[in-house]
Amino acid sequence: MVVYLEWVFLDNFIIDFLLVLITRKALKLRISKLRIALSAFFGATVALIIPFLKLSTAVTFLLKMPIGLLIVLISGKFRGIKEFIYCFYLFLFFTFLFGGGVTAIFWGLNLNFNPLNYTVESEIPLFVSVLTAVGVYLLCKKTINRIYRRKTLLNFVYKCQFSLGGEDFEFLGFLDSGNSLFYGADYCPIVVCGKNAVLKLQKTGALENTKKDIVFVNTVGGKTLISVYKTQKFLIYNGLIPNILYNVMIGVPEKFVDFKEYDILLGSSMVGG
């Protein structure tokens, strides 16, 4: 097998750069491309030297720990030792994830891939491992963004219960600061239903058994029609004790929208102290 040292160095440099970058992004740490490049340069240099030392696989594996500590230490500043340890553990997790992902793909292609130094025992260019790692990186980045988005979203999601047309319902409501819709002279707040909520209301027949009215609201796309239905009682849970509201209107838009993570949009005035 012929191994081109510059390719091994380049592969390890790019992969270490991606590992450090996604680790610091996941923890929302300050990103310095120069510091990350320096840490990746150190990691790639060590990876280039280790094979010449002719160490056993076990020793090589154990060396990954102190090397990883130094890579993380060089990558940027930390607010304390606790943050540094979190970053190191997450770096190890992504390292095993990358190594496992790339190994699985290469073994699936009947290629002998060494996850300790990212070398391929075949005529396939070593740079292919980088492309595979980039794919794993993008997948991890998308997953992290989704987790943070959901975490942020949950801070504004409340369990809601209400009665309509003789039926009781329980939905997840999202507090939308942009929803300032009211009905009538009494300024009854309008809760906008998503697709799943509308289908459930229709299935039980609750809408047919409740008097409705029609209102027009202005949106970015122009005026739209919303059918509104008055609830008997509307409960919003912020903990164990619910906030009980009356004269809340359930709004069913002319065009259904799938909210995915929640069912209904609460008005900006509905959740208070």
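Shown above is the structure to which this text applies.
Quick caveat, the model's predicted, so the values are computed rather than measured.

Undergrad: Explain the overall build of the protein chain here, please?
TA: Counting its regular elements, the protein chain contains 6 helices and 12 strands. Here the protein chain holds 273 residues, and the buried ones make up 41% of them. Contacts spanning at least 24 positions in sequence make up 65% of the contacts within the protein chain whose residues lie at least 6 apart. Carbon and sulfur atoms make up 62% of the accessible area of the protein chain, which amounts to about 16,000 Å² in all.

Undergrad: Would you mind going over the packing of aromatic side chains with me for this structure?
TA: Given two aromatic rings, one states the distance between the centres and the angle between the planes to describe the pair. Here the structure, examined in full by the defined rule, presents 13 aromatic pairs. Judged by centre distance (6.3 Å) and plane angle (15 degrees), the ring pair of F9 and F13 falls under stacked. Of the two residues, F9 and F13 both sit in helix α1 (residues 5-26), 4 residues apart, roughly one turn of that helix. Accessibility expressed as a relative area gives 22% for F9, which makes it partly exposed. Consider the rings of F9 and F41, whose centres lie 5.5 Å apart with planes at 75 degrees: the pair is edge-to-face. Taken together, the residues span a long stretch of sequence, with F9 in helix α1 and F41 in helix α2 (residues 33-49) at a distance of 32 residues.

Undergrad: What should I look at first to understand the pairing of strand β6 (residues 188-193) in this one?
TA: If a strand is regular, its side chains alternate between the two faces of the sheet. Across the 6 residues that make up β6, a large majority, 6, are buried. Where burial is concerned, the two faces of β6 agree: the one with C188, I190 and V192 and the one with P189, V191 and C193 are both buried. Count of turn residues in the strand β5 (residues 182-183)/β6 antiparallel hairpin: 4 residues, of which G184 carries a positive phi of about 75 degrees. Pairing of β6 with strand β11 (residues 249-253), which is carried by 3 bridges, proceeds in the parallel orientation.

Undergrad: How do you make sense of the environment of I250 when you look at a structure like this?
TA: Topologically, I250 is positioned in strand β11. C-alpha separation for the pair I250 and I190, spaced 60 residues apart in sequence, amounts to 5.8 Å. In contact with I250, other than residues within four places in its own chain, are F162, L164, V191, C193, L201, S227, V228, Y229, T231 and F234.

Undergrad: What is the right way to read the side chain of D263 from this model?
TA: Of note, D263 is situated in the loop between β11 and β12 (264-266). There is no salt bridge for the buried D263, and the closest opposite charge comes from K200, which lies 7.4 Å off by N-O distance. Setting aside residues up to four positions removed in sequence, D263 forms contacts with F171, L172, V192, C193, G194, N196 and A197.

Undergrad: I keep staring at a nonpolar patch on the surface and nothing clicks. Help me out?
TA: A contiguous nonpolar surface patch, about 320 Å² in accessible area, is contributed by I49, L53, L55 and V59. Mapped onto the secondary structure, L53 falls in the loop between α2 and α3 (57-74).

Undergrad: I would appreciate a short explanation of the pairing of strand β4 (residues 167-175) in the present structure.
TA: The pairing of strand β3 (residues 157-164) with β4 spans 8 bridges and is classified as antiparallel. Along β4, the bridge assignment pairs K159 with L172. Both β4 and β12 contribute to a ladder of 3 bridges, which runs parallel. The residue of β12 that forms the bridge with F174 is L265.

Undergrad: How should the nonpolar core be read in this particular structure?
TA: For soluble globular proteins, nonpolar side chains are generally found buried alongside one another. The biggest cluster of nonpolar side chains holds 27 residues, and the ones touching the most others in it are F94 and F98. When contributions to this core are tallied by element, the ones reaching two or more residues are α1, α2, α3, α4 (81-108) and α5 (127-154). Broken down by element, this core gets its largest block of residues, 8 residues, from α1.

Undergrad: Hey, could you run me through the pattern of salt bridges in this one?
TA: Side-chain pairing between opposite charges can occur once the charged atoms of the two side chains come close. Across all of its chains, the model carries 1 salt bridge by this definition. Note that R79 is salt-bridged to E83, the shortest N-O span being 2.5 Å. By relative accessible area, which is 71% here, R79 ends up exposed. Given a relative accessible area of 14%, E83 falls into the buried group.

How each quantity is defined
Residues numbered from 1 in each chain as written. Predicted model: local features only at pLDDT ≥ 70, side-chain atom pairs only at ≥ 80, totals over all residues. Heavy atoms only, no water. Helix = DSSP H or I, 4+ residues; strand = E, 2+ residues; numbered from the N terminus. Buried < 20%, exposed > 50% of the residue type's maximum accessible area, 1.4 Å probe, protein only. Contact = heavy atoms within 4.5 Å. Areas by Shrake-Rupley, 256 points an atom, 1.4 Å probe, with all protein chains shown as cover. Phe/Tyr/Trp six-rings, centres within 6.5 Å; stacked < 30°, edge-to-face > 60°. Pairing = 2+ DSSP bridges. Lys, Arg positive; Asp, Glu negative; His and termini not counted. Salt bridge = Lys/Arg side-chain N within 4 Å of Asp/Glu carboxyl O. Patch = residues over 30% accessible without salt bridge, like charges linked within 9 Å, V, L, I, M, F, W, Y side chains within 5 Å. Core = buried A, V, L, I, M, F, W, Y, C linked by side-chain atoms within 4.5 Å.

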